[in-house]
Structures are given as C-alpha cells and as structure tokens.
Amino acid sequence: PTPEKLLMDPGDLPREKKTTTILTGLTGMMASIDNTSTISQGVSIGFYIEQQLTRRISVRPGLAMARHNYALDNISGGSEALGYSAPDLAGLSGATTSYEANIDVISVEVPVNFVFSILKRSRSNLFVSTGASTVIYLNQHMTSSFDNTYTKTTVDSYSGEVSYESVTTSVKIESGQEILNRVDFMGLANFSAGYSLPFGKTSHLLFEPFVQLPVKDLTSLNLRIRYGGLSMKVQF
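In short, a report on the structure. Here, residues in each chain are numbered from 1, in the same order as that chain's written sequence. With pLDDT at 70 or above as the cut-off, local features in this predicted model cover only qualifying residues; side-chain atom pairs require 80 or more to be listed or tallied, and sums for whole chains, interfaces and linings still use all residues. With hydrogens and water set aside, each side-chain value is computed from the structure's full complement of heavy atoms.

### So, the pattern of salt bridges
- For this document, the term salt bridge refers to a Lys or Arg side-chain nitrogen within 4 Å of an Asp or Glu carboxyl oxygen. Inspection of every chain in the model, using the stated rule, returns five salt bridges.
- Among the ionic pairs, glutamate 50 bridges to arginine 60, the shortest N-O distance being 3.0 Å. Taken as a pair, glutamate 50 in strand E2 (residues 39-52) and arginine 60 in strand E3 (residues 57-76) lie far apart in primary sequence, 10 residues in all. This pair shows no difference in class: glutamate 50 is buried, exactly as arginine 60 is. The helix and strand labels rest on DSSP assignments: H or I over at least four residues marks a helix, E over at least two residues marks a strand, and numbering proceeds from the N terminus. The buried label goes to any residue with under 20% of its type's maximum accessible area, the exposed label to any with over 50%, and the partly exposed label to all in between, with areas taken from a 1.4 Å probe on protein chains only.

### Here's the deal with unusual backbone geometry
- Although it is not a glycine, methionine 186 sits at a positive phi angle of roughly 50 degrees.
- Mapped onto the elements, methionine 186 comes out in strand E7 (residues 183-199).
- Phi is positive for threonine 219, close to 65 degrees, though the residue is something other than glycine.
- Considering the arrangement of structural elements, one finds threonine 219 in the loop between strand E8 (203-214) and strand E9 (225-235).

### Section: empty space enclosed by the protein
- Lining residues are those with an atom within 4 Å of a point, where the points come from a 1 Å grid over the protein atoms alone and group into cavities, where a 1.4 Å probe fits but cannot get out, or pockets, open sets with protein on both sides within 12 Å along at least five of seven lines. Grid points are joined across faces, edges and corners, and a volume is the space filled by probe spheres set on the points. Under the definition given, this model contains two cavities of 30 Å³ or more.
- Approximately 270 Å³ is the volume found for the largest cavity.
- Along the walls of the largest cavity sit 19 residues, with Tyr48, Glu109, Asn113, Gln212 and Lys233 positioned nearest its centre.
- Elements with a minimum of two residues in the lining of the largest cavity: strand E1 (20-33), E2, E3, strand E4 (94-120), strand E5 (125-155), E7, E8 and E9.
- A per-class count over the lining of the largest cavity returns six nonpolar, nine polar and four charged. All amino acids are sorted into three groups, where Ala, Val, Leu, Ile, Met, Phe, Trp, Tyr, Cys and Pro are nonpolar, Asp, Glu, Lys and Arg are charged, and the leftover types, Gly among them, are polar.

### A look at the layout of surface pockets
- Each pocket or cavity is described by its volume, and for the largest pocket that value is around 400 Å³.
- Lining of the largest pocket is provided by 23 residues; of these, Thr19, Glu50, Lys120, Asn125 and Gln235 occupy positions nearest its centre.
- Going through the elements one at a time, E2, E3, E4, E5 and E8 are the ones with two or more residues in the lining of the largest pocket.
- In terms of residue class, the lining of the largest pocket is built from four nonpolar, 12 polar and seven charged.
- For the second largest pocket, the lining is made up of 12 residues, of which Ile33, Asp34, Leu82, Tyr99 and Leu223 are closest to its centre.

Next up, the structure:
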C-alpha cells in the first residue's frame with residue numbers, strides 16, 4: 001500500500017516564540033555644540049528591555065543616567081551669548097566679543113528605539129536601530145566668563161576729527177538650575193548600528209556605535225548638541 005502523507009494545516013504550525021530580554025550597558029560619548037569645534041565628553045549607564053515584535057524587528061525602551069561636561073573656549077560672541085547680553089556702561093551699549101564656559105549636566109535619558117536585524121544567526125546578530133530620546137535634567141551648572149567691548153565715539157569740536165575709544169570688561173558668572181526644571185520631550189533622534197556575539201552560555205555582548213542629533217534646542221541654555229560614541233551592553 002502507498003504510505004499516506006500527512007498534511008499539516010498551516011494554521012497548526014507553531015509560531016516563533018517572541019522573547020523579552022534585559023540589557024545593561026555603559027556608554028562613552030563625545031558631544032559638539034552648535035557650530036563650534038569644541039568637543040566635550042560624557043558617560044552614561046543604562047538599563048533596557050528589548051521586546052521582539054517579529055523575527056527581525058524589536059522595540060527597546062530604556063532608562064539611562066548620564067553625566068556630561070561641556071567646555072566652550074574662546075568662542076566668538078555677539079549681541080547675546082548663552083542667554084547673556086552685555087549691560088550698558090556709562091550710557092554706552094556693548095557687545096560680547098568672546099566668552100568661555102564650563103557646563104556640567106546630570107540627566108536621565110529615556111530612549112525608545114526600534115531594532116532591525118540585518119544578518120541574524122543562532123547566536124550572533126548584525127543590526128541597526130533608530131528612535132528618539134526624552135531627556136530629563138537633574139542638575140545644570142554653568143561657570144562662564146564674558147568679554148564685553150564698549151566703543152565711545154568722540155568728535156573734536158574744532159577740527160571735526162572723529163576718534164574712537166574702546167574699553168573691554170570681563171564678567172564672570174556662575175549659575176545653576178533647580179532639579180527637574182527642564183524636560184526635552186523627544187529632543188534627540190537616535191541612530192546606531194551594532195553587532196552582538198555570545199558572552200557566556202546564555203548572554204550576549206553588544207558593541208553599538210551611535211549618533212544622536214538634536215530635534216530641538218536642549219538644556220536650559222537652548223543649545224544644539226550632537227552626540228556620538230560607543231555603547232557596550234550585555235544582553236541577558
């Protein structure tokens with residue numbers, strides 16, 4: 001007799017198990033502010049939950065504590081810099097010609113990223129991700145120095161000769177912001193690519209270079225800050 005071939009209804013096929021994993025990691029980053037060439041350093045530690053949506057797409061929300069130090073040196077000023085404008089001096093209007101600042105920021109970042117697997121194997125994965133981050137500021141402290149220039153115009157009543165006299169003053173300011181006084185909702189757009197490889201029997205180690213671009217002005221000083229760096233995570 002001819003053996004009968006059992007046909008399985010496609011509806012009876014088992015679905016791929018959608019997994020949820022926990023990640024923790026350390027991130028080192030560099031930051032550039034506005035159009036300046038000043039580079040500043042920062043570090044963050046975070047915890048994330050990755051929920052698999054399909055075989056190649058996952059969503060990864062998280063929570064990260066970050067500390068940044070921004071150093072601005074010999075930046076050309078203008079009528080207003082970092083929210084500061086030169087006060088009048090003896091009836092003369094002045095302009096900030098240059099300034100320096102050191103800014104310390106402690107913040108909590110809440111990223112929500114979508115992860116797309118490009119080359120997924122049994123225990124390794126090449127992926128890209130994109131999403132956005134909300135930034136909550138716990139502390140903002142700034143120490144700054146401003147050079148203000150005032151120019152006085154004098155006309156000789158006899159010869160009609162015009163002369164100019166300039167005076168430069170320096171002002172140092174230290175300021176801080178109260179805790180939780182600013183939240184930049186979805187203020188950063190996130191882009192990254194990474195690779196995961198086995199780490200122990202059940203864990204994975206992820207190397208993930210990234211960039212973050214400002215969607216809006218950030219911090220209470222309304223700065224346009226860009227970030228780039230490398231994140232190393234362990235996935236359990």
